[in-house]
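Spelled out from the first residue to the last, the chains are:
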Amino acid sequence: MAKLSSAPRVIAVLGPTNTGKTYLAIDRMLGHRSGIIGFPLRLLARENYDRIAKLRGSRSVALITGEEKILPPNPAYFVCTAESMPLDRQVDFLAVDEVQLCADPERGHIFTARLLHARGLAETMFLGADTIKPLMRRLIRDVEYVSRPRFSILSYTGHKKVTRLPPRSAVVAFTVGDVFSLAEFIRRQRGGAAVVLGALSPRARNAQVGMFQAGEVDYLVATDAIGMGLNMEVDHVAFARIGKFDGRGLRRLNAAEIAQIAGRAGRHMNDGTFGTTAEQGPLDPEIIGAVEAHRFDPLTRLNWRNTRLRFESIGALLKSLDERPSIPGLVLAPEADDHRALQALARNQEVVELAVHPGAVRLLWEVCQIPDFRKALTDSHTRLLGHCFRHLASSEQRLPTGWIAGQMANLDRVDGDIDTLMGRIAHIRTWTYITHRGDWVDNATEWQERARGIEDRLSDALHDRITQRFVDRRSALLIRQLSSEGEPLASVSDAGEVFVEGTYVGRLDGLHFVPDAADGTEARMLVAAASRVLRQEVAARIRQLTADADEAFSIDPSGVLRWHGSSLARLVAGNQMLTPQVDLLISDFVEGEARERIRQRLRAFLHAEIKHQLAPLFAAQGLPLGSVGRGLVFQLVGELGCVPRVDVRHQLKALETPDRIALSRLGLRFGTESVYFEPMQRIDIVRFRALLWSVQHGRPVPPLLSKRRLTNVIEVDLELPASFYAAIGLRVLNGLALRPDRLERLAAAARRRARFSAFSADDELAAISGVERPALRRLLTALGYRAVIRAGKEKFSGPRRGQRDVIKSYDRPSAPEWHPFAKLRELNLT
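Please read all numbers here as calculations on a predicted model, not as lab measurements.

Calculation criteria
Residues numbered from 1 in each chain as written. Predicted model: local features only at pLDDT ≥ 70, side-chain atom pairs only at ≥ 80, totals over all residues. Heavy atoms only, no water. Phe/Tyr/Trp six-rings, centres within 6.5 Å; stacked < 30°, edge-to-face > 60°. Helix = DSSP H or I, 4+ residues; strand = E, 2+ residues; numbered from the N terminus. Buried < 20%, exposed > 50% of the residue type's maximum accessible area, 1.4 Å probe, protein only. Salt bridge = Lys/Arg side-chain N within 4 Å of Asp/Glu carboxyl O. Pairing = 2+ DSSP bridges. Axes fitted to C-alpha atoms, helices over the stretch in contact; angles between N-to-C directions. Contact = heavy atoms within 4.5 Å.

Caption draft 1: Inspection of the packing of aromatic side chains at higher detail. In total, this model carries eight aromatic pairs according to the counting rule given. Pairing W693 with F724 gives two aromatic rings, centres 5.1 Å apart and planes at 65 degrees, and the pair type is edge-to-face. Of this pair, W693 sits in helix α25 (residues 683-697) while F724 sits in helix α26 (residues 722-727); the two residues are 31 residues apart in sequence, bridging distant segments of the chain. Of the two residues, W693 and F724, both sit in the buried class. Consider the rings of F759 and F796, whose centres lie 6.2 Å apart with planes at 35 degrees: the pair is tilted. Remark: F796 occurs in strand β34 (residues 793-799) and F759 occurs in the loop between α27 (740-754) and α28 (763-769); sequence separation between them is 37 residues. With respect to class, F759 is no different from F796; both count as buried.

Structure representation (structure tokens):
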């Protein structure tokens, strides 16, 4: 933190958009010998760094963001994101842009900390909206307030159809599906549109904006990402919606938020207009008046988080993060991503055992601040953080080079659609952040260059995909012919066939729209015109789906979840084999809460189906067993119902008789070779177990299960791991796999014959055991019987002593009248 001089000047420059606040701050900074300026976005920081570097030379200015650092020797000026400001440096001038973001629920505590504590030695400047002024007066003394009027006039022009929007218009929506739908529609109506989303990388975003600025397209479709950090020559902003999902629910934008976005129109001295379009009706007069006059309700509270953190232990750190502010006007910020990540890792025993001193706890907190640009805080991101911490807390104190290389190699691919590329860009940006920690990685500069190269390649590919999809000037003539006759008529038949102006353009398979590729460009054009009817049809289907019983759903052999025969999702690996997850296969028409309702309904069906198919396992888990019985059930569940007896011999010796009886009633068989659930040997259940294994391991189901029955001995496929055969309940001996009940019959028949004399592996033994004769010799050898030649014939005698650790029991018949108390003397359990 910079020390304050005797009379540092603190200035708040407040006003609406397009007032030149940023230019003023940079001009003031360059008038001092040194300075730091913090921006809300990496894109803004880079744009202004380039500007200052041109004015003063690249050796005079540094750029510091979470993902990018340009640090010449002894720079005078630092251009940063708000989070990355080097507050330990003493500088004459310090500025923070968009200070009204103190009220932001996600990052507000960062801006509040800068407002309360960040100061320059000679001058401090805060830039932002007037809405923060009352709270700033209460929190900071001796502030000079400067109001900046807007350079141009912003006027409301009402509602217009998308087809009536003037050139140089930006259309604003709040979901990816709406943005894509509008961009498709504009492509067909006007030949093309640029697309701006918050998930785009700065390079891809700049490429799209550059296409708009160069006049290659006259329209831009965007989320509220354009509300900050993008200076474009936009004449009109049209809101297709004013409701957005904020992570907790759907809400309407307030007047200040609408003004922030609408203010993109009419930059500098050019007047701008704003209005509504598509399905959004006219704005309320009160909102119109507030936006045009730039009068908004003041902020009533700013988000705050304790900056004096305690690192004695994880618990102390969590407690300090939960500390509440004592100053009126400040409220405890909602839990940020780093806070939630710390809570998740605090439940990891291995992490807890490593974070035992303040240095390790501080390191853990730094790791938790690794951003997840996918904005999901998924288990995969938490696992990544855990891996990073374990490596950094080890004796090497570095992330392994091979691990980093493997992670980046998986992302260095430019195939896939727009969503896939955006996901990879978000992931590589996380690695870009990590590689900028020079104390975490060896050869940090090389890794930074590699990460930047991957991001650039992905960004270029993403720009190409977006351009290919949303810019098609050749279709303009056809579209004008269609639009001149009025709005196109669209319908969906009972069979899911979609028609636009009587032309078949595709079908709606469940909740996924499948276009008719054979119709080419004209068909894809007409699909966009049918978007409204498809949205309504999808909404109706969602209502039916969530109300339908489990009988309406099924899982096909390839792991696809179907609803009335239509594909809805595919199974993907979960934490365990019995807890797979669902990956939705539905169209962009389904957004936000509706998508989550579908996912929850499918998860409920999937859980019920697993419990139904593997009923004995779940029933065993619910029995009131002793500790030994519970341990045995735990092993059976982990192996999906079948374990070699030798692996559980100690548990079986200690298993109490009531527990044995209870498990036997569920169909658990205690054989001499295997312990297994007999009801789970049915071929349909075996196929289901194979599907669970294939999903967990990301492999197709092997073709050997395509037969109606699985009773024969089969040769082991060397391409398949042993875990596959264990998962489907087959025992593997001497390169052969067979059902445990067949193995028990063979072992029992061999024991009976070996009591009297050496025996032959003849047809009679094959018939008794149910094992084909060619496999008998190999299986008998695996069971420990030794082959001898007597009278010129091969015979088998009893197992060699000590060769196999077999727990003897009598061969239990499978007849229903059998009872566990029968022939207790023959049960050798001691």
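Moving on, there is more to tell.
Caption draft 2: Local environment of the pattern of salt bridges. Applying the stated rule across the entire model yields 39 salt bridges. Note that R429 and E67 form a salt bridge whose closest N and O atoms lie 2.7 Å from each other. You can see R429 sitting in helix α15 (residues 418-435) and its partner E67 sitting in the loop between β3 (61-64) and β4 (69-70), a full 362 residues away along the chain. No difference in accessibility class separates R429 from E67, as the two residues are buried. Ionic pairing is found between R251 and E257, a salt bridge with its closest N-O pair at 2.8 Å. Among the charged side chains, a network of salt bridges with common partners joins R42, E67, R429 and E455.

Caption draft 3: Local environment of the sheet that holds strand β10 (residues 169-172). Taken together, six strands build an open sheet; the order of strands is β9-β16-β13-β10-β12-β11 and the sheet is parallel. The open sheet is flanked by β9 (154-160) and β11 (194-196), the only strands paired with a single partner. Within this sheet the neighbouring strands show an average axis-to-axis angle of 25 degrees, counted without direction. Where strand β13 (residues 236-239) and strand β16 (residues 272-277) come together, four bridges link them in parallel fashion. Its bridge partner being in β16, H236 is matched across the sheet by T273. Here helix α7 (residues 255-262) sits on the sheet and contacts β9, β10, β13 and β16; the angle it forms with β13, its principal contact strand, is near 135 degrees.

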